[in-house]
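Spelled out, the chains give:
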Amino acid sequence: MDYYKTSKKSINPEKNRHWFWNLFFLYTKNTFIKGYKTDLTQNDIYEVLPEHKSKTIGDKLEQEWKAQMDENKTSIPKLLWKCFGRQYLLIIFSLVIPVAITFLQPKILKKFISYFTPGHKNLSRTDASLYGLLLIVVTVIRRLHLHNFYLRLSEFGIKMRAGFTSLIYRQLLKMNPSVVQSGKMINLITRDVSEFEEAVSKITNMIKDLTKIVAVCWVLYSEIGWLFLIIPSIIFISMFANTCIAALVRKLKLKSLRKTDARYQIIREALSAIKVIKMNLWEDSYEKKIAKIRNEEIHLIRNINILLFLKLVLSETFHNASWYIVVAISIWFNIQSTAGTLFLIINSLTIVSYGMKGNFPTAIHEVATLIAVFKRIGQTLRIKSDESYVEENKLSPRIKLNLKILTAHNHTLINLKKCNIVGGITAVTGPIGSGKSLLLKVLTKAYKNVEGDLEVVGSISYASQEPWLFPSTIKQNILFGSSYDENRYLEVLRVCALLEDLRSLSDGDSALVTDGGANLSKGQQARINLARAVYKERDIYLLDDCLASLDAIVANFVFEQCVKKFLKDKIVILVTPSIKYANMANNVIAIKNGKIENSCPFQCNTPKSSETKNMEYNEKGKAKSEKEGSAVEENFDDETPLIKNNKEIRELYTERKVQGKVQIDAYKKYIKENGGLIKIFLVLLLTGTIQFLKSSINKMESVWINAEQVLFNNVTDKAIYIEANEKRHQMLIFLPIVIAVTTILMSLNTCFFWVLAAKASLKLHNLLFSRVVHSFMQFFDKNRIGIILNRFSEDILYIDEIVPLTFFLLMGYFAGAVGIIILIATVNASFLIPCILINVFMIFIQIFYLKIGNALKRLEFLTRSPLIGYINATLDGLTTIRTSKIQDTLRKEFDQHQDLHTSCSYMYTCCEKAYHVMLAADQIILLTFAIILFLAVDEKMTAGNVGLVLSQIFSLTTSEHFFYRMITRFENQMITVERVLEYTKQKQESKNGLVMEHWPKECEIRFKDVYLSYNSDQDHVLKRLNFTIRNKEKVAIVGRTGSGKTSLISTLVRLYDFEGNIFIDNVDIKTLPVDFLRSKISVIPQEPTIFSGTLRANIDPTGEHSDDDIWKAISTVNLSLFENLDEKVEMNLSICEKQLISMCRALVRRNKIVIFDEINASVDSDTEALMQKVISETFAEYTVIAIMHKLRYILEFDLVLVVDKGVIIESGDPSSLLKKKNSVLSNLFKRQ
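By the naming in an unreviewed UniProt entry, the protein chain goes by Multidrug resistance-associated protein lethal(2)03659 and is assigned to Zophobas morio. The record in UniProt for the protein chain states the following under Subcellular location (unreviewed entry): "Membrane".

Asks: What exactly am I supposed to notice about the overall build of the protein chain here?
Replies: Across its full length, the protein chain holds 38 helices and 22 strands. Within the protein chain, the proportion of its 1232 residues that are buried is 60%. Within the protein chain, residue pairs in contact and separated by at least 24 positions form 83% of the contacts whose partners lie at least 6 positions apart. In the form shown here, the protein chain has an accessible surface area of approximately 49100 Å², with 56% of it arising from carbon and sulfur atoms.

Asks: Can you help me understand the side chain of Ser793 in this one?
Replies: Tracing the backbone shows Ser793 in helix H25 (residues 785–825). Only 3.4 Å separates the side chain of Ser793 from the backbone oxygen of Asn790, close enough to count as a polar contact. Setting aside its immediate chain neighbours within four residues, Ser793 contacts Thr190, Tyr264 and Ile868.

Asks: Can you walk me through the sheet that holds strand S13 (residues 1005–1012) in this structure?
Replies: Paired through backbone hydrogen bonds, the strands of a sheet run either parallel or antiparallel to each other. What the four strands build is an open sheet, ordered S14-S13-S16-S17; its pairing is antiparallel. A single partner strand is all that each edge strand has here, and the edge strands are strand S14 (1022–1029) and strand S17 (1067–1068). In terms of strand pairing, S13 meets S14 through five bridges, oriented antiparallel. In the sheet register, Phe1007 faces S14, and the bridge partner there is Phe1027. Docked against the sheet, helix H31 (residues 1045–1052) engages S13, S14 and strand S16 (1059–1064), running at close to 115 degrees with respect to S13.

Asks: I'm lost on the packing of helix H9 (residues 230–272) against H25 in this one. Help?
Replies: Two quantities define a packed helix pair, namely the angle between the helix axes and the distance between the axes. Interaxial distance between H9 and H25 falls to 10 Å at its minimum, and their mutual angle equals 150 degrees. The angle between H9 and H25 places the two elements in the roughly antiparallel class. Both H9 and H25 take part in a crossing whose hand is right-handed. Touching Lys253, Arg263, Tyr264, Ile267, Arg268, Leu271 and Ser272 of H9 are Ile785, Ile788, Leu789, Phe792, Ser793, Ile796 and Glu801, all from H25. Residues of the contact of H9 with H25, tallied by class, amount to eight nonpolar, two polar and four charged.

Asks: Help me out: how do you make sense of the sheet that holds strand S21 (residues 1199–1204) in this one?
Replies: If you walk across this open sheet you meet the six strands as S18-S19-S20-S15-S21-S22, and the pairing is mixed. Looking along the sheet, the strands with just one partner apiece sit at the ends: strand S18 (1081–1084) and strand S22 (1207–1212). Averaged over all neighbouring strand pairs, the angle between strand axes comes to 15 degrees, with direction disregarded. Note that S18 and strand S19 (residues 1153–1157) share four bridges and pair parallel. The residue of S19 that forms the bridge with Ile1081 is Ile1153.

Asks: What should I look at first to understand unusual backbone geometry in this one?
Replies: Note: most residues except glycine have negative phi, and most peptide bonds are trans. Note the cis peptide between Trp999 and Pro1000, where omega equals 0 degrees. Along the chain, Pro1000 falls in the loop between helix H30 (943–984) and S13. One non-glycine residue, Phe25, adopts positive backbone phi at about 60 degrees. Tracing the backbone shows Phe25 in the loop between helix H1 (19–23) and helix H2 (29–37). Given the relative accessible area of 2%, Phe25 is considered buried. Its identity is not glycine, yet Lys885 carries a phi of approximately 55 degrees, on the positive side. Mapped onto the secondary structure, Lys885 falls in the loop between helix H28 (878–883) and helix H29 (887–936).

Asks: Just to check I follow, could you spell out the pattern of salt bridges for this structure?
Replies: Opposite charge on two side chains allows them to pair when their charged atoms are near. One pass over the structure, following the stated rule, counts 50 salt bridges. Between Asp59 and Lys55 there is a salt bridge; the shortest N-O distance is 2.8 Å. Residue Asp59 and its partner Lys55 are located together in helix H3 (residues 54–71), separated by four residues, close to a single helical turn. Residue classification places Asp59 among the partly exposed positions, given a relative accessible area of 27%. For the salt bridge of Glu297 with Arg294, the shortest nitrogen-to-oxygen distance reads 3.1 Å. Placement of the pair is Glu297 and Arg294 together in helix H11 (residues 283–332), with a separation of three residues, close to one helical turn. The structure contains a network of salt bridges with shared partners spanning Lys55, Asp59, Glu62, Arg170, Lys174, Asp888, Arg891 and Asp895.

Analysis parameters
Residues numbered from 1 in each chain as written. Predicted model: local features only at pLDDT ≥ 70, side-chain atom pairs only at ≥ 80, totals over all residues. Heavy atoms only, no water. UniProt positions renumbered as here; feature names shortened; annotations may be inferred. Helix = DSSP H or I, 4+ residues; strand = E, 2+ residues; numbered from the N terminus. Buried < 20%, exposed > 50% of the residue type's maximum accessible area, 1.4 Å probe, protein only. Contact = heavy atoms within 4.5 Å. Areas by Shrake-Rupley, 256 points an atom, 1.4 Å probe, with all protein chains shown as cover. Polar contact = N/O pair within 3.5 Å; in protein donor to acceptor, adjacent residues only side chain to side chain. Pairing = 2+ DSSP bridges. Axes fitted to C-alpha atoms, helices over the stretch in contact; angles between N-to-C directions. Parallel < 35°, antiparallel > 145°, perpendicular 65-115°, else oblique. Left-handed = near helix turned anticlockwise from the far one by under 90°. Nonpolar A, V, L, I, M, F, W, Y, C, P; charged D, E, K, R; others polar. Salt bridge = Lys/Arg side-chain N within 4 Å of Asp/Glu carboxyl O.

Pasting the structure below:
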């Protein structure tokens, strides 16, 4: 169905490069060069690697899951192991290298430090130089392996994410529409599957660190004997504490995900029904509703993040205490150690420190989160699906339908005798809520909880009651995955009366359709929806009230040409409230009170009038009889091309892409929402203080080691011995105090920061929703729901959890790097020179990388929008999709979109790892400089200082690496804040103007030279409208579908800017605040919208009206489905029932100006009479404007306006116009 295809991609250079190029990431060279010279675009994204293809991974997962379902033993972990276990084991086996280095590095470091121990005899300068060289070589190997290892790990996570995203979308295509939770499905694909990437990385790091711990314990055992048991004991206690916290985190995570599901559901509903929300002035109500859920969600997220960082604080405390406990116990047992041994312990703890401080707590957190995700994904995948949604029996060409007893969703359809339908048109009629639409869905097997005897033999095509259009072109909406047959296609356009509509569009059938067809009239949507159904060559056509939204002329033409002639050899089941069309059917199924009253060939007692029989449709909007001349139908005109051969490549989900660095305004706004510079400075001050204390701990350890070395050597100088002993006792007392103070400050800093971050995220989200919902309608016309939802899902996810995490770590690493540089400088100030030079080098690398990283990150977010757009469209049209058997096509296109996103994500990861390799050079340079300097001035260096500097070099380079990586990552991630802020700058509807009391009084409406164009580059859809509606006048607006009737209404409530003037009681509505204007006008829209929630919330979301007022409105429209106002409203109500709820909204508001937009189009005659009674009696003292297709009650109106192509071509008293033989209204009336 994708009309606009992406251009052919270049092959990823990694695929065919030599291993040496891949080892050093040299295959990213072209991306870096091009990205530095010019901004990267989607055309620069490589073709996805074969092993990353969504289809390949999705097929594998689907096949394995199906096997588990067949065995009735389903498990997500087992599924992961079966599909990814072997590959993961290969990654784990590569950990042999870092484990070997973990064995070697402490021993090499000990040997090198031993050279600087007073009185050493076993090592020469040459030996020390050799050990120094080995230390450098081991560091180089470790760094190269580290970044290649993490690339493979990230690649593995990307593949898991892509595979499960594809699997969940496939499951969505198989699910029964009645059990689909839209908010949860969006959350699963946008948030839950992303946990795989993080979890894989963190859990693997934990496994890696566990192997390191084993190696370190072995090394320590060989050096200090049984004392090594202290280290694993402390680690075990730490992990136990973290596990307990993780159990709490898992519970909170499940709660937060459910809140996120609910938020997505409400936002999606709001975006889909934005016109209804604006016309009813519900923006503020929805803001409060979203804000309430968001507040609960962010409260849970804040607590989760605080707990996560408290785990890190706990682990840091255990790490700091480990060395102290080992040394203290050795002193207690009078076990003396050399400086080399003590620094070996420090170095060993440093090796496992990142695991204790970071990987273990975060891995346990990820495991807890992953368990919650497994549960949610498993629940969705275990839902039974009906693969044979529509049955086909090619062996039997006979089409037969036996209905006996059917029950579904509390509706019961009972046929007292056997009913066979073997051909012709069968009309299904009945009052509202009787189950007409349900019967068709039962025939398509959309509902499985059906009791009774049902047989459908033959292929089915289905047209839904509420038109569903997919975001694509008109042509692709009609073809809908079927092969193109030009003759059939053109004939379908003709019989569905679409030719003139296509001629009026500049792009013809290549015109893009927005979400739900919002840029088309309801009649155009209905006819495209019908054209899609009849284009497919099927045996049975189920048409659910497809003619209701059409004016009489078009409806008659479509019925005659399409239903009766084009489908004459097929079985057609047509749901219709029209007695006229039921009279022309071969069979009638009448449903009343949940029972099939009649199901036999219908004998029409009233013969068709010759006038109706001879009427033919004229594209000019006029009716001619055969007596007046030859029939004029929709004809093809060679001079006006209907099918555009548009080869230009355009993206359906286009977004504005910012170039270069993130704007400084984004940083200012984010800091402001975090509490401003003062509070951020306070966090930074606390972070600096904490780092000072950490550096003090390291310095105190160095002093203690030197003292222990003196005591170990048993120096004869008594004063030196006493001084060393005093230092030992001082360290035994003050070191734990400093550790305790550090822990307290870290805890306070963590809580303070995450409270600020949660408030910032809450404010940004609420600001985003507020600005979006108050934007002009042009914003929603230009931006698809999938694009907007992407800001509320992926971008907000980053702002909730990832951006503040990076920001906090950035401050910590900055303070850590500065503290370590100062600490090293206290040993030898000459170390400042390489530190400064290295940092200058790293800044240049960072500047070089930032532009490329930002461009790729922006593209990663942009390429995600189509995925959300496809999910959103699929959720809306699931029944149509499955009946049309288009699942394979949609799955293929979804996989293609995901492949683009996967390739972009992988390119970003590769370039990021290449950047990390460049940064790794500083550690090698600084380590080499230190070793050379120590060997050059060996006589002036103590073992304690040498060990301190070398251990701090490893810590410094790690801190600097992470600091610069966090800077670039923070800049990349701030793109999400930039994208959110971009939407907050959208032009807002004016709330300024004159507010008057007791206005309007007379409710006289006057249009003066009104023109309307939806876009400045398009023709006017309304042209020079001039008319007046007097007080209490009832006005009917009639005309062909797409003639501009609804557009006229949109000007009155100022949904769009217009030229000219509209006066109400001689007040120009442009001078009024838009919310004040809409508060005085009630609009019952063409498309009735129901929101998830209670009946009260659907009728009065603002809570302004009393229960008595609401019940009075319900009683007025005879809505008897509900027993109390707090009863949940089912989303599967009929259109007629939804329309009655919409009428209740207008009744409780009691505005003196009421607008009805074709509300009688899809209702039966009894409901239509009821609505007319409400207009005539309840709204007798009101000014009423009604857009109408059914003209049965036209004489009860005071004024009729006939609209065609945006112009009023006829107006006047209806009785006078009907008396004129040649009037347009008279011709329309005859067609009823």
